[in-house]
Amino acid sequence: MGQGTTEEPNIIAALKSGRRRKKRSVEYALTEQEITIVEDMEGFYHPPNADDFQNMSWFDNYGDVSSEKSILLNLTQYISQYMEEDLIEAGHDIGEMLQECVFMGKTCGPEDFYHFYDNKYGNCYTFNSGMDKAVARITNPGTSFGLSLTMFINQVQYIPVLTQEAGLRLLLHKQGQVPIMEEDGFDVTPGTKSSIAVRYVEVSRLDGLYSNCTKNGSRFAEGTSHEYYPGNYTQKACLKTCLQNGIIKKCGCASPLYRRPVNAIVCGPDDNACVEEVEFDLLDNNICSYQCPLPCWESQYQYVISSSQWPSNNYMPFLKESLDERGDDMKKVMEADTRTGLSQQFLKMVVYYDNLNFYKYTERPTMTTKDLIGALGGHLGLWIGMSVISFIEVFELIITLIKWCARGGRSNKTSSLTDLDEKSRRADECPTPVLKFKESWANDD
């Protein structure tokens, strides 16, 4: 099934069925070339058959806000009336969820996890956050030297309408960055053991003439917008802050999908049209993109996930025995759930480095100034026989001609006139020569 950001075609069948097609939140006008291509594809695609969905009344809200987003907007607006401390108290606690923790072959516990609250996922916990002024480091690759967690998700306490899936949301990120769980995280399935092989990647970009990337890693970088996301600068956090500021300015409320000021009024479903219009204008006109350049240096964690059934059928009795005395909620689960149901309450994950090598991607100019000069000299020498020495000689000749034209010609003319005057003066001063003739010829007569 093809998916993407392509524009929606004209749905003729929807019009024939009497259902009015509503405008989507984001639509772009096709260029003439794109229209020509679409018209060329008319023989390949066929419009929907109106008879197939005449009785599908659940699609009558076509183009409206989805039920999931509507629930999220309503719920976020509702819970915004409560203090964050009350919401944290009502959420899942790390002491209840964490059943086993092993790092580098040694046991760890709830005291190694720092808490933060996410607008969508509620209580979240970070291991090795660096907030205790220390960062744990892995010295060997492999699952035995990684982080192994056994988690109890307690599906009994899930809110039926709000929580449509079961499991945990996991995110790998560098210390000093605000985790953006919805966009950057991935899901871990209950009843499985997930092995997550990690590779560390560094990206270095060229600045100056090559890009507008920012060297300042702080969220207070000049020209950027980052005040709602503390820590190091990231482009995603900057974009979200830019969008939130635009929404607050035009709609008079803050979107529940982004971090917001403490005392801001939260937008509800009735404000959704205004929010979408602001987001579209800011992104389509590249206003936020201009304010939020890519960092000139950033680190990333790439990962590969593999999974298997966990716990196995033979291991299940031993798991139950080891968990019987771990709180009232756990005891109720042990007593009520069957073997199959019990596996849906737990999951295990192992995060490790598959090797200690890291990848570094560095941008370099395709052609530097030295490369350009070398290429020009090579071509000139190849095609017209010129070299650097020839250029110097031509340049020297040009300089000599310029000097001669500027002062050399006039000086030579004056010098020639002076020489003529000197010769004339010397001729006047010399005595007239006396011609002496011998008179011997007279005597000879």
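Because the structure is a prediction, the values reported are computed rather than measured.

### Digging into the state of the cysteines
Thought 1: Scanning all chains against the criterion turns up six disulfides.
Thought 2: Two residues share a disulfide in this structure: cysteine 242 and cysteine 288, whose sulfurs sit 2.1 Å from each other. Where cysteine 242 bonds to cysteine 288 through sulfur, the torsion about that S-S bond is close to -80 degrees, and the disulfide is left-handed. With a gap of 46 residues between them, cysteine 242 in helix 7 (residues 235-251) and cysteine 288 in helix 9 (residues 287-291) connect regions that are remote in the sequence.
Thought 3: The buried category is assigned to cysteine 288, whose relative accessible area is 0%.
Thought 4: Cysteine 253 shares a disulfide with cysteine 267; S-S distance 1.9 Å.

### Some points on the nonpolar core
Soluble, globular proteins show a tendency: their nonpolar side chains are buried together.
Thought 1: Of all hydrophobic cores here, the largest spans 22 residues; its most connected members are Leu149, Met151 and Met349.
Thought 2: Among the elements of the structure, helix 5 (94-97), strand 1 (98-103), strand 5 (147-152), strand 6 (168-170), strand 7 (186-188), strand 8 (192-204) and strand 10 (346-353) are those that each provide at least two residues to this core.
Thought 3: Once residues within four sequence positions are removed from consideration, methionine 151 is found in contact with Ile94, Met97, Leu98, Leu168, Gln345, Phe346, Leu347 and Met349.

### Here's the deal with the pattern of salt bridges
Thought 1: In total, this model carries eight salt bridges according to the counting rule given.
Thought 2: The partner of lysine 240 in a salt bridge is glutamate 183, and the shortest N-O contact between them spans 2.4 Å. With lysine 240 in helix 7 and glutamate 183 in helix 6 (residues 181-184), the pair connects residues that are 57 residues apart, well separated along the chain.
Thought 3: Note on lysine 240: relative accessible area 10%, which makes it buried.
Thought 4: With its nearest N and O atoms 2.3 Å apart, the salt bridge here joins aspartate 184 to lysine 236. You can see aspartate 184 sitting in helix 6 and its partner lysine 236 sitting in helix 7, a full 52 residues away along the chain.
Thought 5: For lysine 236, a relative accessible area of 36% puts it in the partly exposed group.

### Brief notes about unusual backbone geometry
Thought 1: Omega for the peptide link from tryptophan 310 to proline 311 comes to -5 degrees, which places this bond in the cis form.
Thought 2: The residue asparagine 128 is not glycine, and still its phi comes out positive at about 60 degrees.
Thought 3: Within the secondary structure layout, asparagine 128 lies in the loop between strand 4 (122-127) and strand 5.
Thought 4: You will see that asparagine 286, though not glycine, has its phi angle at about 60 degrees, which is positive.
Thought 5: Mapping asparagine 286 onto the fold places it in the loop between helix 8 (272-284) and helix 9.
Thought 6: Classification of asparagine 286 as partly exposed rests on a relative accessible area of 46%.

### Structural notes on the packing of helix 7 against helix 8
Thought 1: The interhelical angle for the contact between helix 7 and helix 8, taken along N-to-C directions, is 130 degrees, at an axis separation of 9 Å. Classified by the angle their axes make, helix 7 and helix 8 are oblique. Read as a crossing pair, helix 7 and helix 8 show a hand that is right-handed. Where helix 7 abuts helix 8, its residues Cys242, Leu243, Gly246, Ile247, Lys250 and Cys251 lie against Cys274, Val275, Glu277, Val278, Glu279, Asp281, Leu282 and Leu283.

### A word on a negative patch on the surface
Thought 1: On the surface, a cluster of negative charge is made up of Glu85, Asp86, Glu89 and Asp93.
Thought 2: Exposure remark for aspartate 86: the relative accessible area of 46% places this residue in the partly exposed category.

### What about the packing of aromatic side chains?
Thought 1: Applying the stated rule across the entire model yields eight aromatic pairs.
Thought 2: Residues tryptophan 310 and tyrosine 315 carry aromatic rings whose centres are separated by 6.3 Å and whose planes lie at 45 degrees to one another, so their mutual orientation is tilted.
Thought 3: The rings of Phe103, Phe113 and Phe127 are connected pair by pair, giving a single aromatic cluster.
Thought 4: One Lys or Arg, arginine 259, reaches over the ring of tyrosine 229 and ends 5.8 Å from the middle of that ring.

### Details of helix 7
Thought 1: Counted at 1.5 Å a residue, the expected span for helix 7 with its 17 residues is 24 Å, and the 24 Å between its end C-alpha atoms agrees.
Thought 2: The set of residues buried in helix 7 consists of Ala237, Cys238, Lys240, Thr241, Cys242, Leu243, Gln244, Gly246, Ile247 and Cys251.
Thought 3: Its buried side turned inward, helix 7 meets helix 6, helix 8 and helix 9.
Thought 4: Just downstream of helix 7 lies glycine 252, where phi reads positive at about 75 degrees.

### A word on the confidence of the model for the protein chain
Thought 1: Averaged over the protein chain, the pLDDT score is 78; the fraction of residues at 70 or greater is 70%.
Thought 2: Segment residues 1-25 is flagged for pLDDT under 50; beyond a separation of four residues in sequence, or across chains, it makes 32 contacts in the model.
Thought 3: The low-confidence segment residues 432-445 (pLDDT under 50) makes zero contacts with residues lying over four places distant or belonging to another chain.

### Some thoughts on a nonpolar patch on the surface
Thought 1: A cluster of nonpolar side chains, Val394, Phe395, Ile398, Ile399 and Ile402, forms an exposed patch at the surface whose accessible area comes to about 450 Å².
Thought 2: Looking at where phenylalanine 395 falls in the secondary structure, it is placed in helix 14 (residues 388-429).
Thought 3: The exposure class assigned to phenylalanine 395 is exposed, which follows from its relative accessible area of 56%.

What counts as what
Here the residue numbers are simple positions, counted from 1 along each chain's written sequence. Note on the predicted model: pLDDT of at least 70 is required for a residue's local features to be given, and 80 or more for side-chain atom pairs to be given and counted; whole-chain, interface and lining totals, by contrast, use all residues. Only hydrogens and water are removed before side-chain values are computed, so all heavy atoms of the structure are retained for them. Disulfide: a pair of cysteine sulfur atoms within 2.5 Å of each other. Secondary structure elements are defined from DSSP: runs of H or I of at least 4 residues count as helices, runs of E of at least 2 residues count as strands, and each element is numbered from the N terminus. Burial classes follow relative accessibility: with a 1.4 Å probe on protein chains only, a residue under 20% of its type's maximum area counts as buried, one over 50% as exposed, and anything between as partly exposed. For our purposes a nonpolar core is just a set of buried Ala, Val, Leu, Ile, Met, Phe, Trp, Tyr and Cys residues, chained together by side-chain atoms within 4.5 Å. Should any heavy atoms of two residues lie within 4.5 Å, those residues are considered in contact. The rule for a salt bridge is simple: a side-chain nitrogen of Lys or Arg has to be within 4 Å of a carboxyl oxygen of Asp or Glu. Throughout, an axis means a line fitted to C-alpha atoms (over the contacting stretch in the case of helices), and angles, computed between N-to-C directions, take values from 0 to 180 degrees. An angle below 35 degrees is treated as roughly parallel, one above 145 as roughly antiparallel, one from 65 to 115 as roughly perpendicular, and anything else as oblique. For any helix crossing, the convention is left-handed if the near helix is rotated counterclockwise from the far helix by under a right angle, and right-handed if that rotation is clockwise. Think of a patch as exposed residues, more than 30% relative accessible area, with no salt bridge, where like charges cluster within 9 Å and nonpolar side chains (Val, Leu, Ile, Met, Phe, Trp, Tyr) cluster within 5 Å. Accessible areas in this description were obtained via Shrake-Rupley with a 1.4 Å probe; residue shielding takes into account the shown protein chains only. Counted charges follow a simple rule, with Lys and Arg positive, Asp and Glu negative, and His plus the chain ends left uncounted. Think of each charge as sitting on NZ of Lys, CZ of Arg, CG of Asp or CD of Glu. In this analysis, rings of Phe, Tyr and Trp, with Trp reduced to its six-membered ring, are considered paired at centre separations within 6.5 Å, and the interplanar angle assigns stacked below 30 degrees, edge-to-face beyond 60, and tilted for intermediate values. The rule for a charge over a ring is simple: NZ of Lys or CZ of Arg within 6 Å of the ring centre, and within 35 degrees of the ring normal. Take the number of residues in a helix, subtract one, and multiply by 1.5 Å to get its expected span. Values of pLDDT, which run from 0 to 100, indicate the predictor's confidence residue by residue.

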